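# An overview of the molecular structure
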Amino acid sequence: MPNTKEFDNTVNIGIESSPLDLPVITGTYDEKGIDISKLLAKTGHVTLDIGFKNTGSTTSTITYIDGDKGVLEHRGYRIEDLASEASFLEVCFLLLKEHLPKRAELDEFVGSVQDYITPPAGIKAILDAMPDDTHPMGMLSAIFASLSGFYPESLDSWTSEEVRWRTIYRLLGHMPGICAYIHRRKANLEYIDPNPSLGYVENFLYMMSGKVDPVVADALDTLLILHADHEQNCSASTVRFVGSSQVNLFASISAGNSALWGPLHGGANQAVLEMLEAIKNDGGDTDKYLDKAKDKNDPFRLMGFGHRVYKNHDPRAKVIKRYADVVLDKLEVEDPVLSIAKGLERAALNDPYFSDRKLFPNVDFYSGIIYRALGIPVDMFTVMFALGRLPGWIAQWKEMREGNEPIGRPRQIYTGHDTRPYIPIGDR
Ligand code: SDX
């Protein structure tokens, strides 16, 4: 293995006795990255880092996470402040326009989004044509991809800034309606069309159920903020990677949404509720499930626990946990799984298996309990995650586009057969 020594802003590595200085890039909070863009040309070596646990894919100004301290900031603003002070559309503006809006700027942005609150009518026909058992996230990925058919100009969202912004406003404007249509389709209920007199989150709730509870709207607005972006997570990286081929924004978002669907990523919020329900139905024996999670021979994982970056509490989980008590109390909802969740967290945090591995509750651990209290069905939980994450995905795609980043095309280390002669089938 090459040995490395750090000099000033370079790192010197010795590969097969030929020394090489590699530049070191320093981030806003003094994070260090070794720039290996010249490594292959100069040494004939590539790096190997399956799952990119040690590898940065880009530089970004959108979101900062300090996993050891449990810090999350969007363009320098702490998530705790944004969650308690801002509105979701204000955070969308911040992510996309890079500063907190003045009142007039926010009003204009909200107007541009609200211009598109009615999704194309054809979306209902697509949803109606899908099999009843289609998972809501499968419906959402299909609808995202179909939008380029309703808006062919979006194929120029890479080349034209004007088309790009119209495509961004269409995505943000249509999203609540698309998610509500998917819920109504899955519940076999009549679609409810948007009410333009309502705000972004209120209109979503109206299209979901025909009514709007201000407590629910306020809670949901905060939950969406807490999900808005999270730097280079699996789905955001997918959006950037797919987008780097210069495909349109709708297709890139569709790909990112499919990545979010996975139970190790956004699909965990649904898996957490299913896990908590299983524990409840199993007599509430949390120790049995902790033992399963620790058993290497058991594929079961404590869903909603652990994180690739956070090795301390996920700051979002701390806000959501506090919110769970407030929202369930305000709605006078008694949900036994909330106390099961708290008991599970207490037991896990006192168990060396979890504490040694720095496994803490993440954003998905408590969010589902609130979604359920808000009357949202479990199979819609990950769609709710996507509703919150959409502005982050768009901001990541836009940053990749505006950075003129090259198409993503990683290398590999080949470990298969060496060259061998073709054997005609009769001789095999
Ligand atoms: C999200 O990246 C993001 O920012 C994502 C996200 C965002 O906002 O975009 O924050 C949203 O996806 C949150 C994560 C939701 N997923 C889950 O809750 C699923 C359960 N969690 C795990 O599967 C896991 O913790 C991951 C996938 C989140 C992270 O996995 P890593 O970083 O690849 O870590 P790992 O699998 O290598 O685990 C390290 C060790 C292993 O044990 P050892 O081999 O060292 O003995 O910790 C163990 C793992 O077995 N471990 C767990 C565990 N998570 C890790 N053991 C039991 N239960 C768990 N949940």
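Since we're looking at a predicted model, the values are computed, not measured.

## Concerning the site of the ligand
Surrounding the ligand, one finds 25 residues, the nearest of these being His230, His307, Arg308, Arg316 and Arg389. Between an oxygen atom of the ligand and a side-chain N or O atom of His265, the distance comes to 2.9 Å. Here Tyr353 contributes a side-chain N or O atom positioned 2.9 Å from a nitrogen atom of the ligand. Grouping the amino acids of the shell around the ligand by side-chain chemistry returns 10 nonpolar, 7 polar and 8 charged.

## Focus: the side chain of Gln114
Here Gln114 lies in helix α4 (residues 103–114). Every residue in contact with Gln114, bar those within four places of it in the chain, is listed here: Leu198, Gly199 and Tyr200.

## Quick notes on a nonpolar patch on the surface
On the surface, Leu48, Ile50 and Ile413 cluster together to form a nonpolar patch covering roughly 360 Å² of accessible area. Mapped onto the elements, Ile50 comes out in the loop between α1 (39–43) and β5 (63–66).

## Here's the deal with the side chain of Glu277
Mapped onto the fold, Glu277 is located in helix α12 (residues 268–281). For Glu277, a relative accessible area of 19% puts it in the buried group. The contacts of Glu277, once residues within four sequence positions are left out, are Val337 and Arg372.

## Observations regarding the state of the cysteines
The final tally for this structure, using the stated rule, is 0 disulfides. Left without a disulfide partner, Cys92 is nearest to the cysteine sulfur of Cys179, which lies 13 Å away.

## Quick notes on the packing of aromatic side chains
Summed over all chains, the structure comprises 14 aromatic pairs. Relative to Phe109, the ring of Phe93 has its centre 5.4 Å away and its plane inclined at 75°; by these criteria the two rings are edge-to-face. Of this pair, Phe93 sits in helix α3 (residues 88–97) while Phe109 sits in helix α4, and the two are 16 residues apart along the sequence. Considered together, Phe93 and Phe109 belong to a single accessibility category, that of buried residues. Judged by centre distance (5.8 Å) and plane angle (70°), the ring pair of Tyr289 and Phe300 falls under edge-to-face. On the criterion of sequence distance, the pair formed by Tyr289 in helix α13 (residues 286–294) and Phe300 in the loop between α13 and α14 (315–330) is long-range, its members being 11 residues apart. Both residues of the pair, Tyr289 and Phe300, belong to the buried class. Each member of the aromatic cluster is reached from another via a ring pair, and the members are Phe305, Tyr353, Phe354, Phe365 and Tyr366. Lys97 extends its terminal NZ or CZ atom over the ring of Trp165, reaching a point 4.1 Å from the ring centre. A cation over a ring is seen here: Arg401 above Trp158, with NZ or CZ 4.6 Å from the ring centre.

## Looking at the pairing of β5
Where burial is concerned, the two faces of β5 agree: the one with Thr63 and Ile65 and the one with Tyr64 and Asp66 are both buried. Examined bridge by bridge, β5 and strand β6 (residues 71–74) share 4 bridges and lie antiparallel to one another. Within β6, the position partnered with Ile65 by the bridge is Leu72.

## Let's talk about the packing of α3 against helix α7 (residues 161–186)
For any two helices packed against each other, one specifies the inter-axial angle together with the distance between the axes. The geometry of α3 relative to α7 is characterised by a closest axis approach of 13 Å and an angle of 155° between their N-to-C directions. Between α3 and α7, the angle is such that the two are roughly antiparallel. Handedness of the crossing formed by α3 with α7: right-handed. Contact residues: α3 offers Cys92, Leu96 and Lys97, while α7 offers Trp165, Ile168, Tyr169 and Leu172.

## Examining helix α15 (residues 336–349)
The α-helix advances 3.6 residues per turn, and as a result positions three or four apart in sequence lie on the same side. For α15, which comprises 14 residues, the first-to-last C-alpha distance of 20 Å matches the rise-based estimate of 20 Å (1.5 Å per residue) to within 8%. Those residues of α15 not exposed but buried are Val337, Leu338, Ile340, Ala341, Gly343, Leu344, Glu345 and Ala348. Buried residues belonging to α15 abut α12, α13, α14, α16 (352–356) and α17 (364–373).

## A look at the layout of surface pockets
Of the voids in this model, the second largest pocket is the one considered here, and its volume is about 280 Å³. In terms of lining, the second largest pocket is formed by His183, Phe204, Leu205, Met208, Ser209, Lys211, Val212, Asp213, Val216, Leu374, Gly375 and Ile376. Per-element tally for the lining of the second largest pocket: the top contributor is helix α8 (residues 200–209), with 4 residues.

## Side note on the sheet that holds β6
Taken together, 3 strands build an open sheet; the order of strands is β5-β6-β7 and the sheet is antiparallel. On the outer flanks of this sheet lie β5 and β7 (77–78), each paired with one strand and no other.

## What to know about the pairing of strand β3 (residues 18–26)
Sheet topology note: the strand β2 (residues 10–15)/β3 ladder contains 6 bridges and is antiparallel. Across the sheet, Asn12 pairs through a bridge with Asp21, a residue of β3. Counted along the chain from β2 to the antiparallel partner β3, the turn is 2 residues long, and its residue Glu16 has a positive phi close to 45°. Here β3 runs beside strand β4 (residues 32–34); their pairing, made up of 3 bridges, is antiparallel. Looking at β4, one finds that Thr26 is bridged to Lys32. What sits between the antiparallel neighbours β3 and β4 is a turn of 5 residues, in which Asp30 has the positive phi angle 70°.

## A short note on the environment of Ser112
Within the secondary structure, Ser112 is located in helix α4. You can call Ser112 buried: its relative accessible area is 18%. Remark: the alpha-carbon pair of Ser112 and Leu172, spanning 60 residues in sequence, is separated by 9.5 Å.

## Considering the environment of Arg184
As for its placement among the helices and strands, Arg184 is situated in helix α7. Between the alpha carbons of Arg184 and Met130 there is a distance of 13 Å; along the sequence they are 54 residues apart. Filtering out sequence-adjacent residues up to four positions away, Arg184 remains in contact with Leu189, Glu190, Tyr191, Ile192, Met207, Met208 and Ser209. A distance of 2.8 Å separates a polar atom in the side chain of Arg184 from the backbone oxygen of Glu190.

Rules and cut-offs
Residues numbered from 1 in each chain as written. Predicted model: local features only at pLDDT ≥ 70, side-chain atom pairs only at ≥ 80, totals over all residues. Heavy atoms only, no water. Near = heavy atom within 4 Å. Polar contact = N/O pair within 3.5 Å; in protein donor to acceptor, adjacent residues only side chain to side chain. Nonpolar A, V, L, I, M, F, W, Y, C, P; charged D, E, K, R; others polar. Helix = DSSP H or I, 4+ residues; strand = E, 2+ residues; numbered from the N terminus. Contact = heavy atoms within 4.5 Å. Patch = residues over 30% accessible without salt bridge, like charges linked within 9 Å, V, L, I, M, F, W, Y side chains within 5 Å. Areas by Shrake-Rupley, 256 points an atom, 1.4 Å probe, with all protein chains shown as cover. Salt bridge = Lys/Arg side-chain N within 4 Å of Asp/Glu carboxyl O. Buried < 20%, exposed > 50% of the residue type's maximum accessible area, 1.4 Å probe, protein only. Disulfide = S-S within 2.5 Å. Phe/Tyr/Trp six-rings, centres within 6.5 Å; stacked < 30°, edge-to-face > 60°. Lys NZ or Arg CZ within 6 Å of the ring centre and 35° of its normal. Pairing = 2+ DSSP bridges. Axes fitted to C-alpha atoms, helices over the stretch in contact; angles between N-to-C directions. Parallel < 35°, antiparallel > 145°, perpendicular 65-115°, else oblique. Left-handed = near helix turned anticlockwise from the far one by under 90°. Expected span 1.5 Å × (residues − 1). 1 Å grid on protein atoms, 1.4 Å probe; cavity = no way out; pocket = protein on both sides within 12 Å on 5 of 7 lines; lining within 4 Å. Points joined across faces, edges and corners; volume = space filled by probe spheres on them.

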